[in-house]
Amino acid sequence: MVTNSPLRPREVPVRAHEVLVIGGGIAGTSVAYHLAKNGKRDIAVLERNTLTSGTTWHAAGLIMQTRGTHALTEIAKYNAELYSTLEAETGQATGFKRNGTLGVARTRERLHETARSASVAKSFGLEAHMISPSEAKKLYPALNASIIEGAVFIPGDGQTNPVDTCMALAAGAKQNGVKILENCEVTDLWRVADGRYQVRTNEGVIESEVLVLACGLWTRDIAAKLGARIPLYAAEHFYVVTEAMNFAKPTLPVLRDTDGHVYLKEDTGKVLVGAFEPWGKALPMEKLPNKTAFIELPEDWDHFELPMTKAIEIVPDLGNAGIAKFFNGPESFTPDLLFMIGEVPGMKNLFVSAGYNSEGIEYGAGAGRALAEWITAGVPQMDISFVDLARFHPFHINKKYLHDRTSEVLGLHYKMHWPGHQPETSRGVRRSTLHDRWANLGASFGEGMGWERPMWFAGQGEPTENVYSYEEPNWYKYTSQECSAARNSAVLFDQSSFGKHLIQGRDSCRFLQWICAGNVDVPVGKLVYTHMLNSNGGIETDITVNRLTDTEFLIISSATVHPRDKAWIARHISDDWNVTLTDVTSAYAVLSLQGPKSREILSQVTDADLTNAAFPFATSQEIDIGYARVIANRLTYIGELGWELHIPTEMAQHVFDLLWQAGQAHELKAAGYHALEHLRSERAYREYQLDLTPVDTLLEAGLGFTVDWNKKCGFIGVDALVAQKNSMPLKKRLVSFRLHDPGPVLFHDELIRCDGQIVGYVSSGVRSFTIGTSIGMGYVNHPSGVTKELIENSRWHIEIAGSLYEADASLRAFFDPNGDRAKQ
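A.B. asks: Teacher, can you tell me more about the overall build of the protein chain here?
C.D. replies: Per the secondary structure count, the protein chain includes 19 helices and 39 strands. Principal axes of the C-alpha set define a box for the protein chain whose edges measure 80 × 70 × 55 Å. Taking all 824 residues of the protein chain together, 62% fall into the buried category. The long-range fraction of contacts in the protein chain, counting pairs at least 24 apart against all pairs at least 6 apart in sequence, stands at 73%. Summed over its atoms, the accessible surface of the protein chain is roughly 30100 Å², and 49% of this surface lies on carbon and sulfur atoms. Seen as two clouds, the 79 positive and the 97 negative side-chain charges of the protein chain have centres 3 Å apart.

A.B. asks: Can you help me understand empty space enclosed by the protein in this one?
C.D. replies: Which parts of space are left empty comes out when a probe the size of a water molecule is rolled across the atoms. Taken as a whole, this structure holds four cavities of 30 Å³ or more when the rule is applied. Here the largest cavity is characterised by a volume of approximately 60 Å³. Forming the boundary of the largest cavity are Ser681, Glu682, Ala684, Ser736, Phe737, Ile775, Gly776, Met777, Ala813 and Phe814. Those elements giving two or more residues to the lining of the largest cavity turn out to be α17 (673–682), β34 (732–739) and β37 (773–781). Top element by residues in the lining of the largest cavity is β37. It accounts for three residues. The residue makeup of the lining of the largest cavity, split by class, is six nonpolar, three polar and one charged.

A.B. asks: Got a minute to help me understand the sheet that holds β37 in this structure?
C.D. replies: Sheet strands pair via backbone hydrogen bonds, and the direction of the pair is either parallel or antiparallel. Strand order in the closed barrel made by the six strands is β34-β37-β36-β35-β38-β39, with antiparallel pairing throughout. Averaged over all pairs of adjacent strands, the angle between their axes in this sheet comes to 40 degrees, without regard to strand direction. Sheet analysis places strand β35 (residues 751–754) next to strand β38 (residues 796–800), joined by four bridges and oriented antiparallel. When the bridges of β38 are listed, Ile752 appears paired with Ile798. Most of the contacts of α17 go to strand β36 (residues 757–768), to which it runs at about 125 degrees, and overall it touches β36 and β37.

A.B. asks: Which parts of the structure should I look at to understand the side chain of Asn176?
C.D. replies: Topologically, Asn176 is positioned in the loop between α6 (162–175) and β8 (179–181). Looking at Asn176, its side chain comes within polar contact range of the main-chain oxygen of Gly172, at 2.9 Å. With near-sequence residues (within four places) excluded, Asn176 lies in contact with Ala36, Lys37, Lys40 and Arg41.

A.B. asks: Please explain the environment of Gln513 as it appears in this structure.
C.D. replies: Relative to the assigned elements, Gln513 resides in helix α13 (residues 508–515). Overall, the relative accessible area of 10% leaves Gln513 in the buried class. When near neighbours in sequence (up to four residues on either side) are disregarded, Gln513 contacts Gly518, Asn519, Val520, Asp521, Lys711, Cys713, Gly714 and Phe715.

A.B. asks: Hey, could you run me through the nonpolar core in this one?
C.D. replies: A general trend in soluble globular proteins is that nonpolar side chains are found buried together. If you look at the biggest cluster of nonpolar residues, it comprises 50 residues, and the most contacted ones within it are Tyr83, Val212 and Ile341. Looking at this core, the elements with two or more residues in it are β1 (15–22), α1 (26–37), β2 (43–46), α2 (70–76), α3 (78–90), α6, β11 (204–213) and α9 (360–377). If one sorts the elements of this core by residue count, α9 sits on top with nine residues. In contact with Ile341, other than residues within four places in its own chain, are Val352, Ser353, Tyr356, Ala367, Ala370, Leu371, Trp374, Ile384, Val387, Asp388 and Leu389.

A.B. asks: Before we go on, may I ask you to explain helix α16 (residues 652–663) in this structure?
C.D. replies: The α-helix advances 3.6 residues per turn, and as a result positions three or four apart in sequence lie on the same side. Between its first and last C-alpha, α16 extends 16 Å over twelve residues, near the 16 Å set by a 1.5 Å rise per residue. All buried positions along α16 are accounted for by Ala652, Val655, Phe656, Leu659, Trp660, Ala662 and Gly663. The buried residues of α16 occupy an angular sector of 165 degrees when the element is viewed end-on, so they sit on one face.

A.B. asks: Is there a simple way to explain the pattern of salt bridges in this structure?
C.D. replies: Where charged atoms of side chains with opposite charge meet at close range, the side chains can pair. In this structure the tally under the stated criterion is 52 salt bridges. The residue Asp259 makes a salt bridge to Arg110 at a minimum N-O spacing of 2.9 Å. Of this pair, Asp259 sits in the loop between β13 (254–257) and β14 (262–267) while Arg110 is found in helix α4 (residues 108–123), placing the two residues 149 residues apart along the sequence.

A.B. asks: What's the story with the sheet that holds strand β22 (residues 451–457) in this structure? I'm lost.
C.D. replies: Strand order in the open sheet formed by three strands is β20-β22-β21, with mixed pairing between adjacent strands. Sheet topology places β20 (430–431) and β21 (443–448) at the edges, where each strand pairs with a single neighbour. Across two bridges, β20 lies against β22 in parallel orientation. For Arg431, the partnering residue across the bridge sits in β22 and is Glu452.

A.B. asks: Would you mind going over the layout of surface pockets with me for this structure?
C.D. replies: Space inside the second largest pocket adds up to approximately 750 Å³. Lining the second largest pocket are 35 residues; nearest its centre among them are Glu343, Lys348, Asn349, Gly378 and Arg571. Counting residues per element, the ones that place at least two in the lining of the second largest pocket are β11, α9 and α14 (562–571).

A.B. asks: Which parts of the structure should I look at to understand the pairing of β11?
C.D. replies: Residues in a regular strand project their side chains so that they alternate between the two faces of the sheet. Counting buried residues along β11, nine of its ten residues qualify, which places the element largely inside the surrounding structure. Across seven bridges, β1 lies against β11 in parallel orientation. Within β11, the residue paired with Arg15 across the bridge is Ile206. Pairing of strand β10 (residues 197–201) with β11, which is carried by five bridges, proceeds in the antiparallel orientation. Across the sheet, residue Gln198 finds its bridge partner in β11, namely Glu207.

A.B. asks: Just checking my understanding: could you explain α6 for this structure?
C.D. replies: Compared with an ideal rise of 1.5 Å per residue, which puts 14 residues at 20 Å, α6 spans 20 Å between its outermost C-alpha atoms and is within 8% of the ideal. Residues of α6 that are buried include every one of Pro162, Thr165, Cys166, Ala168, Leu169, Ala170, Ala171, Gly172 and Ala173, and no others. Lining the buried residues of α6 we find α1, α3, β8 and α9. Between the side-chain oxygen at the start of α6 and the backbone nitrogen of Val163 there is a gap of 3.0 Å, and the oxygen is on Asn161. Looking one or two residues past α6, Gly177 carries a phi angle of roughly 100 degrees, positive in sign.

The rules behind these values
Within each chain, residue numbers correspond to sequence positions counted from 1 in written order. With pLDDT at 70 or above as the cut-off, local features in this predicted model cover only qualifying residues; side-chain atom pairs require 80 or more to be listed or tallied, and sums for whole chains, interfaces and linings still use all residues. Neither water nor hydrogens contribute to the side-chain values; these are computed over all heavy atoms in the structure. Each helix is a run of DSSP H or I of at least 4 residues and each strand a run of E of at least 2, with the numbering of both proceeding from the N terminus. For each residue, the accessible area found with a 1.4 Å probe, counting protein chains only, is set against the maximum for its type, and the residue is called buried under 20%, exposed over 50%, and partly exposed in between. Residues count as neighbours in contact if any of their non-hydrogen atoms are within 4.5 Å of one another. Values of accessible area rely on a 1.4 Å probe in the Shrake-Rupley scheme; residue burial ignores everything except the protein chains shown. Asp and Glu are treated as the negative residues and Lys and Arg as the positive ones, with His and the ends of the chain left uncounted. Taken as the charge centre is NZ of Lys, CZ of Arg, CG of Asp or CD of Glu, depending on the residue. Any residue with an atom within 4 Å of a point lines the site, the site being either a cavity, points on a 1 Å grid over the protein atoms alone where a 1.4 Å probe fits but cannot get out, or a pocket, an open set with protein on both sides within 12 Å along at least 5 of 7 lines. Grid points are joined across faces, edges and corners, and a volume is the space filled by probe spheres set on the points. Residues are grouped as follows: nonpolar covers Ala, Val, Leu, Ile, Met, Phe, Trp, Tyr, Cys and Pro; charged covers Asp, Glu, Lys and Arg; every other residue, Gly included, is treated as polar. Only strands that DSSP links by at least two bridges are regarded as paired with each other. Structural elements are reduced to axes, namely lines fitted to C-alpha atoms, with helices fitted over the stretch in contact, and the angle between N-to-C directions of any two is expressed from 0 to 180 degrees. Under this definition, polar contacts are N or O atom pairs within 3.5 Å; protein pairs additionally need one hydrogen-donor-capable and one acceptor-capable atom, and for neighbouring residues in sequence, both atoms have to be side-chain atoms. Nonpolar cores are built from buried Ala, Val, Leu, Ile, Met, Phe, Trp, Tyr and Cys residues. Side-chain atoms within 4.5 Å join them into one set. In this analysis, the expected span of each helix is defined as 1.5 Å times one less than the number of residues it contains. Directions from the helix axis toward the C-beta atoms define the arc. In what follows, salt bridge is the name for a side-chain nitrogen of Lys or Arg lying within 4 Å of a carboxyl oxygen of Asp or Glu.

As structure tokens, then:
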């Protein structure tokens with residue numbers, strides 16, 4: 001995330017602070033407020049104009065506590081908690097009111113998705129009521145209830161005045177010692193030799209130990225002065241305000257019509273109609289007015305026609321309303337529609353809070369608190385891995401990529417959040433050298449960290465477009481066939497997207513022993529499944545380590561967390577270590593040959609001895625395949641006999657052709673990432689960011705067997721892990737579930753109930769084509785401990801969109817629990 005950023009000489013500052021925050025909008029004032037609440041006193045906020053200028057001032061001010069996932073809801077729900085108390089604390093009115101949110105659904109599919117979100121709310125004790133169209137009309141008399149299937153009402157939601165709320169955060173910050181400097185423009189910034197940061201302003205040079213960039217749209221450009229890559233791009237965001245309307249009472253709920261791409265809120269007796277239209281208008285920064293504090297862009301009624309038409313459909317009275325104001329203002333967006341907070345990789349004590357995708361008021365409170373805790377404690381205090389700035393790859397900063405993706409991302413706010421959904425724009429960024437071969441075999445491609453990866457394979461001459469569903473997406477027909485081949489014959493996966501890092505140097509073994517929980521000081525050719533932990537014992541990486549020589553190790557990461565893994569490792573390589581870290585991802589293509597017949601197929605193209613005695617499970621050898629020399633790892637992520645073949649990229653097509661030809665006599669089938677997900681779930685193999693996060697420990701995850709408890713050097717997180725081991729029984733554990741009813745489908749975030757009580761949620765789930773019903777994993781929490789007795793003697797249900805389904809629970813996988821098939 002950092003380009004060349006040379007140190008510059010230190011200049012004599014006019015003032016110095018421990019923490020300097022650049023940006024006086026909701027992001028900057030929130031982090032300053034929470035830093036002060038955490039005991040930091042030497043803090044200054046710099047705002048080039050006046051507080052709230054930029055983008056905060058024109059926000060709609062919607063307050064929603066419930067999101068589609070537990071992780072996002074954990075952050076979002078804090079907004080109402082904080083904003084409801086700010087006025088009493090600071091004396092500054094906020095305009096906050098709990099008039100509730102009414103989310104309507106025009107289709108059965110949307111109603112199902114809405115009901116799933118309502119279930120998530122129950123985990124946090126939030127009221128969320130699924131109601132009928134007639135009940136919705138009672139809450140919103142102007143509603144056209146004839147075009148909806150149902151709705152959700154969340155009474156604890158509401159709205160706030162963005163300007164007043166930001167000013168209240170600033171007031172609270174100042175009351176706790178924070179200095180706020182308005183009309184203080186930053187024109188340059190740099191880092192000096194001792195690690196401090198200096199910024200040049202119109203008031204002189206200001207210095208700080210910690211620098212937080214919370215500059216909204218302008219964060220990307222100002223961070224670039226330090227060599228930091230921040231993938232942000234602007235888009236136009238529209239709303240209109242009507243003249244006074246009779247039904248617009250102060251208690252009127254906020255109306256969200258996501259099928260119509262619009263939201264409506266009462267605004268002093270008028271109605272504000274805002275939109276997240278299906279395709280937005282991306283906006284290059286060069287087209288923004290320069291030196292303008294409160295930017296307003298030209299009206300565009302042609303672009304706003306669709307959402308306004310939909311608004312009139314849902315509230316017909318709007319058809320006769322006069323328009324008092326058409327507003328168009330810029331907002332900043334990220335390529336994945338998730339905001340970013342965290343420390344910039346490679347730049348200690350440089351933090352960012354930006355990219356709120358038009359939801360700064362909703363997420364600003366929780367994100368500000370999370371980032372302040374990180375800065376204060378030195379590590380995050382909650383799971384924010386999914387919004388960690390370190391998740392981005394260098395290509396994400398490409399302006400054409402961002403321009404094309406941003407127009408789609410804006411619309412995703414209100415589009416259906418289908419399982420397995422794939423973006424349509426900015427595709428083809430990274431392609432395996434085998435891409436064309438997979439395409440010829442009927443691959444339907446999806447994207448992972450920019451890589452085009454086969455997700456499923458259609459039959460000959462059949463379409464490869466996705467038809468999404470919460471029940472039976474069109475790829476299930478083909479994925480089930482791929483899963484059957486994996487269990488009965490053999491399949492070939494392209495896993496070239498694996499992140500691959502080479503650790504070298506005379507201290508490489510000692511370094512990895514300290515940073516990994518497992519023992520990596522093993523013979524050359526031994527593969528080690530291990531994890532890197534934080535000081536709380538939480539899981540930061542989920543990796544495989546291959547010892548190549550005494551001083552060389554190849555680390556394999558999942559593609560989607562590859563940049564974050566790299567940042568975590570690099571952060572711990574100080575000048576004291578004789579260690580280098582090199583990203584060699586592009587050097588190797590990876591073909592994963594898996595299934596009961598994989599040994600027969602591989603033996604036809606290599607002279608290596610593939611027997612168990614000569615090539616045991618979890619070992620690596622260099623072998624010849626045709627004319628190529630490859631690294632063959634006997635591993636599996638689906639629970640079958642198999643090898644992951646790391647092939648020099650330029651030799652991959654040759655190796656593929658040989659394997660594919662040899663496999664035809666053994667029913668070898670191409671398989672995609674959907675099959676991989678179904679198969680790994682059957683064996684209860686964990687996936688990072690779903691089943692493993694920085695707030696889960698190896699003991700809770702059922703991975704205690706990977707820990708080397710007797711390392712003389714210890715390892716990061718060992719004290720926390722030992723303390724937990726000594727305080728059994730565990731009060732939180734990852735448990736596997738199997739539904740009795742074969743009809744419903746598990747994906748993630750469905751509630752887990754033990755004897756009627758909510759005790760957790762499904763972290764990942766699939767329909768198992770092998771077992772014949774849906775299975776999943778999820779963390780169960782119980783104050784008396786999650787014991788074998790509790791699991792065997794309790795009645796378990798999984799709640800899907802408000803309906804309960806009985807399930808079996810187990811601490812072991814429901815398929816091949818002893819793992820015998822992989823070692824045959």
